[in-house]
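Each chain, written out:
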Amino acid sequence: MNSPPQTSLFHVLRKTLALIDPSMYTTAISLVFLMIFGVFMETLGIGLVFPLIKVISEPETLGDIEWFTTYFGTVDDANQNKVLIFLTIGFFIVIAVKNCLLLLIAIVQSRFSAKGEALLSGRLFSHYLNSEYRLHLIRSSADLVNHTISTSSSVYQNAMSGFFILATESLVVLLVGCVLFIASPAITIGAVLLVVPSAAIIYFMARNRLVVWGGAEVEARKRVLQLLQQSLHSIKEVIVFGRQPFVFDEYEKARNILADILAKVMILSQVPRLWIETVIVGVVVLGITVAIHDSTNAGNLFSVLALFSAAAFRLLPSCNRILMALNSIRGGTSPVNTIHAEFEDPHGSHKNARPESGRVQTFDQRIVLENISFTYPGSELAAIQNCNLEIQKGMS
């Protein structure tokens, strides 16, 4: 008896990485280093907000910075404005370089995902072509087509993309959180205590549903393809026997099931954004209130508020992306397990299938069908009536 597939994040990550084509390893490693550097630049951009606002509101503080006076000289009323303009332009250059780097990362990641998806689909198709012929006798072609086109695509679009986003955005949140903690420990700790449990509630409420819906989506897509293939391949019989209403009704049922699953996934994907946005805005308002109440220095208060506003502007989409990435990974769990199992055992559960009696049916001489009849539901005319067929051993 086969053990149930593992659905923990670690097992899904391990199987997802195993599906990366070996020719893509160098690109994957390069992408990881680019993403780490991009996260550092993102944190640097936010971290520079606090000192920039501080020196703009209190220019005299520049004289207390030893390394600054060593390289740029003493700041006085004569050159103060020039120094502030220089620092502001420098801040803009850092942001521009950071955004160019993020664009480069997005390009590399998009090309990596697109190429990896194509290679995985090609590997799976080649695997089916070179498998034993009995695979095609016991497996539906719609099943194989669905895995080659749709399920393999979900591995990269859901699972792989989700892990990329989860890793980068989590690192952004961690490093920006460290910057905020240095600026205001009390407000940062309070924000963490409010945001983390709120995000955890949404994640644990949604994760099992997404795993189930991901598996149901794979089966629904397979059923839709199966109906299309069967009806169009047998279009002559469908028209001659007037089976169009039956075929269309079956297709419509399968397509409606798929549409219902996709609608549920799309609805659930909107919940984290709205929930986290509400919580984070509440945290920012609370932080501003605490800062105003406790601060006696107007310049320091302004700097702290600017830093937390800039951080919230960046952390809000990060928290949304983390939750959406977790949901995406959960939705991609079933496709990852399915494709991973296809490479290990393309025959699936059919390999060890046996009749309910437990005995293997063998045909030593011939197969005989006698008086076989079949009528489609809702039809008065039989598609097959009193059909008799005898196939001798060795005939096809």
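Quantities reported herein were computed from a predicted structural model and do not represent experimental measurements. All residue numbers here refer to positions counted from 1 along the written sequence of the relevant chain. Note on the predicted model: pLDDT of at least 70 is required for a residue's local features to be given, and 80 or more for side-chain atom pairs to be given and counted; whole-chain, interface and lining totals, by contrast, use all residues. Note that the side-chain values use all heavy atoms of the structure and ignore hydrogens as well as water.

## Re the overall build of the chain
Here is the rule we go by: Numbering of helices and strands runs from the N terminus; a helix is a DSSP stretch of H or I covering at least four residues, while a strand is a stretch of E covering at least two. Two residues form a contact once any of their heavy atoms are found within 4.5 Å. Surface accessibility follows the Shrake-Rupley procedure with a 1.4 Å probe radius. Residue values consider only the protein chains on display as shielding.
Across its full length, the chain carries 11 helices and two strands. Reading the helices (α) and strands (β) of the chain from amino to carboxyl end gives α-α-α-α-α-α-α-α-α-α-α-β-β. When contacts within the chain are restricted to residue pairs at least 6 apart in sequence, long-range pairs at least 24 apart make up 81% of them. Per element, the accessible surface of the chain, about 23,500 Å² overall, is 65% carbon and sulfur.

## Observations regarding helix H8 (residues 185-233)
The α-helix winds at 3.6 residues per turn, so residues separated by three or four positions along the chain end up facing the same way. Rules: Expected span, for any helix, means 1.5 Å times one less than how many residues it has. A residue's bend is the angle separating two fitted axes: one through the seven residues that end there, the other through the seven that start there.
Look at H8: 68 Å from first C-alpha to last across 49 residues, which is about the 72 Å you get at 1.5 Å a residue. Of all the bends in H8, the greatest, near 35 degrees, is centred on Ala206.

## Points about the pattern of salt bridges
Threshold: For salt bridges, the criterion is a side-chain nitrogen of Lys or Arg within 4 Å of an Asp or Glu carboxyl oxygen. Relative accessibility thresholds used throughout: buried, under 20% of the residue-type maximum; exposed, over 50%; partly exposed, between the two (1.4 Å probe, protein chains only).
If you walk through the whole model with that rule in mind, you get seven salt bridges. A salt bridge links Asp260 to Lys264, with the nearest nitrogen and oxygen atoms 3.4 Å apart. Of this pair, Asp260 and Lys264 both sit in helix H10 (residues 244-294), four residues apart, which is roughly one turn of the helix. Taking relative accessible area as the criterion, Lys264 reaches 35% and is therefore assigned partly exposed. Where salt bridges share partners, they join Arg223, Glu250 and Lys253 into one cluster.

## Examining the packing of aromatic side chains
For clarity, the cut-off: Geometry of aromatic contacts follows a simple scheme: Phe, Tyr and Trp rings, the Trp one being its six-membered ring, pair when their centres are within 6.5 Å, and the pair is stacked under 30 degrees between planes, edge-to-face over 60, tilted otherwise. Our definition puts a charge over a ring when NZ of Lys or CZ of Arg is within 6 Å of the ring centre and also within 35 degrees of the ring normal.
Applying the stated criterion across every chain, the model contains three aromatic pairs. For the pair Phe112 and Phe164, a centre-to-centre distance of 5.7 Å together with 75 degrees between the ring planes defines the contact as edge-to-face. Note that Phe112 is positioned in helix H5 (residues 80-129) and Phe164 in helix H7 (residues 141-183), a separation of 52 residues in sequence. You can call Phe164 buried: its relative accessible area is 12%. By the ring-pair criterion, three or more aromatic residues cluster together here, those being Phe112, Tyr156 and Phe164. A cation over an aromatic ring shows up here: Arg123 above the ring of Phe343, its NZ or CZ 4.8 Å from the ring centre.

## Topic: unusual backbone geometry
Most peptide bonds adopt trans geometry, and most residues besides glycine take a negative phi value. Positive phi, normally seen in glycine, also occurs at Asn371, with a value near 55 degrees. Summarising the element assignment, Asn371 is placed in strand E1 (residues 366-374). Judged by relative accessible area, Asn371 falls into the exposed class, the value being 53%. A positive phi angle is found at Asn386, which is not glycine, with a value near 50 degrees.

## A word on the nonpolar core
Generally speaking, nonpolar side chains in soluble globular proteins are found buried as a group. Heads up, the rule is: Nonpolar cores were defined as sets of buried Ala, Val, Leu, Ile, Met, Phe, Trp, Tyr and Cys residues, with membership established by side-chain atoms within 4.5 Å.
Counting residues in each nonpolar core, the largest one holds 23 residues, and the members touching the most others are Phe112, Val155 and Tyr156. Elements with a contribution of two residues or more to this core: helix H2 (25-47), H5, H7 and helix H11 (298-344). Looking at this core, the element that brings in the most residues is H5, giving seven residues. The contact partners of Val155, leaving out residues within four places of it in the chain, are Leu19, Leu120, Met160, Pro335, Val336 and Ile339. Residues Leu166, Ala191, Ala325 and Leu326 belong to the second largest nonpolar core, which totals 20 residues.

## Some words on the environment of Leu193
Checked against the element boundaries, Leu193 lands in helix H8. In this structure Leu193 comes out as exposed when scored by relative accessible area, which is 60%. Taking the C-alpha atoms as reference points, Leu193 and Val283, separated by 90 residues in sequence, lie 10.0 Å from one another.

## Some thoughts on a nonpolar patch on the surface
Under the convention used in this document: To count toward a patch, a residue needs a relative accessible area over 30% and no salt bridge; like charges are then connected within 9 Å, while nonpolar side chains (Val, Leu, Ile, Met, Phe, Trp, Tyr) are connected within 5 Å.
Where nonpolar side chains cluster on the molecular surface, the patch consists of Ile367, Leu369, Ile372, Phe374, Ile384, Leu389, Ile391 and Met395 and spans about 640 Å² of accessible area. At the level of elements, E1 and strand E2 (384-392) are the ones that each hand at least two residues to the nonpolar patch. For the nonpolar patch, the leading source of residues is E1, giving four residues. Position of Met395 relative to the elements: it lies in the segment after E2.

## Describing the packing of H2 against helix H3 (residues 49-57)
We apply this condition: Between the N-to-C directions of two axes lies an angle of 0 to 180 degrees, each axis being a line fitted to C-alpha atoms and, for a helix, fitted only over the stretch in contact. These descriptions rest on fixed angle ranges, namely under 35 degrees for roughly parallel, over 145 for roughly antiparallel, 65 to 115 for roughly perpendicular, and the rest for oblique. Residues are grouped as follows: Ala, Val, Leu, Ile, Met, Phe, Trp, Tyr, Cys and Pro are nonpolar; Asp, Glu, Lys and Arg are charged; all remaining types, including Gly, are polar.
At a closest axis distance of 5 Å, the pairing of H2 and H3 adopts a crossing angle of 20 degrees. Taken together, H2 and H3 sit at an angle that is classed as roughly parallel. Here Gly45, Ile46 and Gly47 of H2 lie close against H3, whose contacting residues are Val49, Phe50 and Pro51. When grouped by side-chain class, the residues that make up the contact of H2 with H3 number four nonpolar, two polar and no charged.

## Points about the side chain of Glu217
With respect to the element layout, Glu217 can be found in helix H8. A residue is classified by how much of its surface remains accessible, and Glu217, at 15% relative accessible area, is buried. Apart from the residues within four sequence positions on either side, Glu217 is in contact with Leu258, Ile261 and Leu262.

## Regarding the confidence of the model for the chain
Our working definition: pLDDT: the predictor's confidence for each residue, scored from 0 to 100.
Confidence in the prediction for the chain averages 79 pLDDT; 83% of positions are at 70 or higher. Between the elements of the chain, mean pLDDT differs from a low of 68, seen in helix H4 (residues 66-72), to a high of 88, seen in helix H1 (residues 9-18). Across residues 349-358, confidence stays below pLDDT 50; counting only partners more than four residues off in sequence or on other chains, it has seven contacts.

## Describing the environment of Val12
Looking at the element boundaries, Val12 is found in helix H1. Here Val12 falls in the buried class, since its relative accessible area comes to 0%.

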